Structures are given as C-alpha cells and as structure tokens.
Amino acid sequence: VSSGINAEYGGDDCCLNGWSVEEKSCIFKLKGHEGPVKTCAASSSSLKIVSGSWDRTVRLWDSSTTNCLWTLQHEALVLGVSFSEESNLITVCCDDKQTKLWDLRTFENVMNLDGHTNSVTCCSQNHFTLATGSLDKTIRVSDLRNGNILLQLTGHTSAISSVDISTDGFKLCSGSWDKTVRVWDIHAGTYRTQGPKVMYEHEGCVSACKFVVDNQKIISSGFDKTVIIWDALATKKRHQIRAHASWINDIAMTSDGRWLLSCSKDRTIRMWNVKNADKMPVVLHNKLSMGYKFQECSDCQRTFKVEKRDLIEVGEEFTKCVYCRMPERSYHRLSHQDLGMEANETDHELLQMDKNDAAPETAVSA
C-alpha cells in the first residue's frame, strides 16, 4: 500500500488497483503481471508507480493513462521496490541476495549491491541513502552515489520484514519477525552506545513499519492482526487497532495524518479515520476508526459522538453533548452530576476496558 491523495495496492489477482482516498472508489486497475503483485511504490504525485511481482518482473506504470512504460525481467523473485524521484532511481530487492538499481531516465541497470547473506526482503530510499533489510537479520545502509556501505545494523533476532528512513534522513525504523519495531538514530549514531529504541507491543511478526506525519509518528502492522500508532520521539504506543480477520501485509497513512490504510490476507483493504485520535481516551479510537465524528462539548468540555442521523434530524452540527442540549429540545435537563454514580461507573468501566476488546474488527475499504 502506498499513500497520498490516492492509494495503490497489489494483490494475488496479478493486478495493481488505485483508489481515491477521498471518494473511496477504485479509479484505475493496472494489468500486466502474470503473478501475484507483492510490492509497489509511487511517486509523490502518484503519477508514476513501480510494482514488483512473483512473476520475476518489475513494471513502471503511468497511472494517468494506465500504460506500462517498461518491464524489467529478473532472474529471482522480486520481494521489495522503492522509488526515488530525487535520485531518479528505482531499487529492487530480490531473493537472490542482491539489490539492483535502475535509472528512471534510461531504464538501465546502473548498480548492483551485494553483502547480504540471504534474501533481501525490503528497502527504503531517501535521496541518495538506501536502507535494505534481509532474512539474514541485518540492515545495511548504502550511499547510492558510489555504492559504499555506510552502516550495518544488527540486533534483531529474526528476519527483517520492513525498513523506512525518516524524511529528514536522521532516523531509521525497522520491523522484524522477532515481533519488535526498532528505531535507529543513524545521524548521531547513538545506537552504537545506547542501542536502538525497541518497541515490543506486537504479539506476532511485524509485517510493516513507516514514519508518518512529518516523522512525528510511526505506524506498524503485524501478523497479530493489529495496527499500532507510535509516538516516534518517545517511542511509546499511542493507539492500537485490531484491524483485520487475518494477518496484515502492509500499511500507509495519508500525508495529512487523517486516514490510515491497511491491507490484509483477509482480502480487504480498510481505511481508518485517525485524525483526532490523540485527543481522545484510548478506548474511543475504535469508534473513530469506524468513521464516527467526535467533538468537545462547548459547555461541559466532555468528548461526545456525532452521528449522521443527528445531522439529518437537526440540520446543523452540534457543539454540545446530548445532556447539555436537552433544554433546547424541551426535555428536562439532566446534568452529568444528576446521573450520579451510574454514569461515573460507566465512564470508569469504559476507560478501564482492555484495549484489544475495545477494537472489534470493522471493515473499511480504501
């Protein structure tokens, strides 16, 4: 899954589908691969899309015309691709232990990077810096101008499934089958003396992790069927969503931080509205992800839910919760204090609910 105004994803049907996040509809389908499409990346405008498939090919597409601009044949399975407009390079990682770089302008293979001792599973580019992860449990950071290895990061105890370099180039996050997400300060190099920041909340293999919202947050997904939103600076969990009925393959977030997208083995792509999640109790994030809108009451300052039927009946957006609105509807006014212990106990019970129980599986498509 890649994010922006549009979302692109590949599937086992050998096609690449593009969706409008705003309209929640499929806007194009790219056909040509003869095997499952397992990886894709898009330019910032989403006009150019590169995809990799188990048919051992990499294809570059023009999404405005749905034409395939060129096809690259590889000898090994393609496991990951990344796209960099700044360096005009496409990176392809394969299960033959190699990372291949192709020039977007000439479509020539300009460099092959060796060094990993097992299949290269994932890659991330930032200008002329490339990070690759492998089944050999290591991460290698390379300079694309000369192919030199800048760093080799070790610490994960199982295969690396995902890597992402922050947009400022200062940090790198990695996800692994060891169920952890790790954050490496590759600019200051503090991991050498202090180690990377390790986050342990996933109960299954981590399938993807990415920096989002100007590097302030990290999102991750796993085989435990959940998506976690992390505070990138504090490296603490902010929210967890039990998102799917099966393991999650990939995730993305729109640049404005409003929509979180996830795709899963359960054959669904789900879209979650998480824009105001930081302002609410942990238990309420599930309702937010279901598309409900929340506001703070202008009278009592409590958070309340606004449903579509309320807007239809009244014809305007509420600024007060149901209790503070009652006099306006000619009902007897009931304050929160009038509700007594029953209301307080209910609030307490909600806030103490188990986070996993608070997030039942809810289909959202994008």
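See the structure above.
Scope of this entry: the structure provided in the associated data block. Model, not experiment: these values are computed from the prediction.

**What about the packing of aromatic side chains?**
Link 1 in the chain: The final tally for this structure, using the stated rule, is three aromatic pairs.
Link 2 in the chain: When the centroid spacing of 5.0 Å and the interplanar angle of 55° are considered together, the rings of Trp70 and Phe107 count as tilted. Here the residue Trp70 occupies a position in strand S7 (residues 67–73), and Phe107 occupies one in the loop between strand S10 (99–103) and strand S11 (109–113), the gap between them amounting to 37 residues.
Link 3 in the chain: Taking relative accessible area as the criterion, Trp70 reaches 8% and is therefore assigned buried.
Link 4 in the chain: When the centroid spacing of 5.8 Å and the interplanar angle of 75° are considered together, the rings of Trp184 and Tyr191 count as edge-to-face. Comparing Trp184 with Tyr191 shows no difference in burial state: the two are buried.
Link 5 in the chain: In this structure, Lys38 packs its charged tip against the face of Trp54, placed 4.9 Å from the ring centre.

**Remarks on the sheet that holds strand S16 (residues 160–165)**
Link 1 in the chain: Pairing in this open sheet of four strands is antiparallel, and the strands run S16-S17-S18-S19 from one edge to the other. The two strands at the open ends of the sheet, each matched to only one other strand, are S16 and strand S19 (197–199). Strand-to-strand, the axes of this sheet are offset by a mean angle of 20°, without reference to chain direction.
Link 2 in the chain: Here strand S17 (residues 171–176) runs beside strand S18 (residues 181–185); their pairing, made up of five bridges, is antiparallel. Bridge pairing in S18 links Leu172 to Trp184.

**With respect to the environment of Leu79**
Link 1 in the chain: For Leu79, the position within the fold is in strand S8 (residues 78–84).
Link 2 in the chain: Residue classification places Leu79 among the partly exposed positions, given a relative accessible area of 25%.
Link 3 in the chain: Separated by 26 residues in sequence, Leu79 and Ser53 place their C-alpha atoms 7.6 Å apart.
Link 4 in the chain: With residues up to four places along the chain from it excluded, the contact list for Leu79 reads Thr39, Trp54, Cys93, Cys94, Asp95, Ser119, Val120 and Thr121.

**Overview of the sheet that holds strand S13 (residues 129–134)**
Link 1 in the chain: Pairing is antiparallel in the open sheet, where four strands are placed in the order S12-S13-S14-S15. Only two strands of the sheet have a single neighbouring strand rather than two, namely strand S12 (120–126) and strand S15 (149–153). For this sheet, the mean angle separating the axes of adjacent strands, direction not counted, is 15°.
Link 2 in the chain: In this structure, S13 lies alongside strand S14 (residues 139–143), joined through five bridges in antiparallel fashion. The residue bridging Thr132 from the neighbouring strand is Arg140, located in S14.

**Quick look at unusual backbone geometry**
Link 1 in the chain: The backbone of His127 sits at a positive phi, close to 55°, despite the residue not being glycine.
Link 2 in the chain: Examined against the element boundaries, His127 turns out to sit in the loop between S12 and S13.
Link 3 in the chain: Backbone geometry places Lys179, a non-glycine residue, at a positive phi of 75°.
Link 4 in the chain: Examined against the element boundaries, Lys179 turns out to sit in the loop between S17 and S18.
Link 5 in the chain: Overall, Lys179 belongs to the partly exposed group, its relative accessible area being 39%.

**Some remarks on the pattern of salt bridges**
Link 1 in the chain: A full pass over the atoms with the stated rule returns seven salt bridges.
Link 2 in the chain: A salt bridge links Arg238 to Asp231, with the nearest nitrogen and oxygen atoms 3.2 Å apart.
Link 3 in the chain: For Asp266, the salt bridge identified is with Arg270, shortest N-O distance 3.4 Å.

**What about the pairing of strand S25 (residues 259–264)?**
Link 1 in the chain: Along S25, six of the six residues are buried, which leaves the element largely enclosed by surrounding structure.
Link 2 in the chain: Residues Trp259, Leu261 and Cys263 line one face of S25 and the alternating positions Leu260, Ser262 and Ser264 line the opposite face, and both faces are buried.
Link 3 in the chain: Where strand S24 (residues 248–253) lies against S25, five bridges are found, and the strand directions are antiparallel. Opposite Ile248, over in S25, you have Ser264 as the bridge partner.
Link 4 in the chain: Here S24 hands over to S25 after five residues, with Gly257 in that stretch at a positive phi of 75°.
Link 5 in the chain: Relative to strand S26 (residues 269–273), S25 runs antiparallel, the two being bridged by five bridges. Bridging from a neighbouring strand, Trp259 pairs with Asn273 of S26.
Link 6 in the chain: Here S25 hands over to S26 after four residues, with Arg267 in that stretch at a positive phi of 70°.

**A word on the environment of Ser161**
Link 1 in the chain: Of note, Ser161 is situated in strand S16.
Link 2 in the chain: Residues Ser161 and Gly175, 14 residues apart in the sequence, show an inter-C-alpha distance of 5.6 Å.
Link 3 in the chain: Ignoring any residue separated from it by four or fewer positions in sequence, one finds Ser161 in contact with Thr121, Cys122, Gly175, Ser176, Trp177, Val206 and Ser207.
Link 4 in the chain: Polar contacts involving the side chain of Ser161 include one to the main-chain carbonyl oxygen of Val206, which spans 2.4 Å.

**Section: the environment of Ile248**
Link 1 in the chain: Residue position: Ile248 is located in strand S24.
Link 2 in the chain: Judged by its relative accessible area of 0%, Ile248 falls in the buried class.
Link 3 in the chain: When the C-alpha atoms of Ile248 and Ser207 are compared, they prove to be 6.9 Å apart, with 41 residues separating the residues in sequence.
Link 4 in the chain: Discounting chain neighbours no more than four positions away, the residues touching Ile248 are Ser207, Ser221, Gly222, Phe223, Lys225, Thr226, Val227, Ala243, Ser262, Cys263 and Ser264.

Rules and cut-offs
Residues numbered from 1 in each chain as written. Predicted model: local features only at pLDDT ≥ 70, side-chain atom pairs only at ≥ 80, totals over all residues. Heavy atoms only, no water. Phe/Tyr/Trp six-rings, centres within 6.5 Å; stacked < 30°, edge-to-face > 60°. Helix = DSSP H or I, 4+ residues; strand = E, 2+ residues; numbered from the N terminus. Buried < 20%, exposed > 50% of the residue type's maximum accessible area, 1.4 Å probe, protein only. Lys NZ or Arg CZ within 6 Å of the ring centre and 35° of its normal. Pairing = 2+ DSSP bridges. Axes fitted to C-alpha atoms, helices over the stretch in contact; angles between N-to-C directions. Contact = heavy atoms within 4.5 Å. Salt bridge = Lys/Arg side-chain N within 4 Å of Asp/Glu carboxyl O. Polar contact = N/O pair within 3.5 Å; in protein donor to acceptor, adjacent residues only side chain to side chain.

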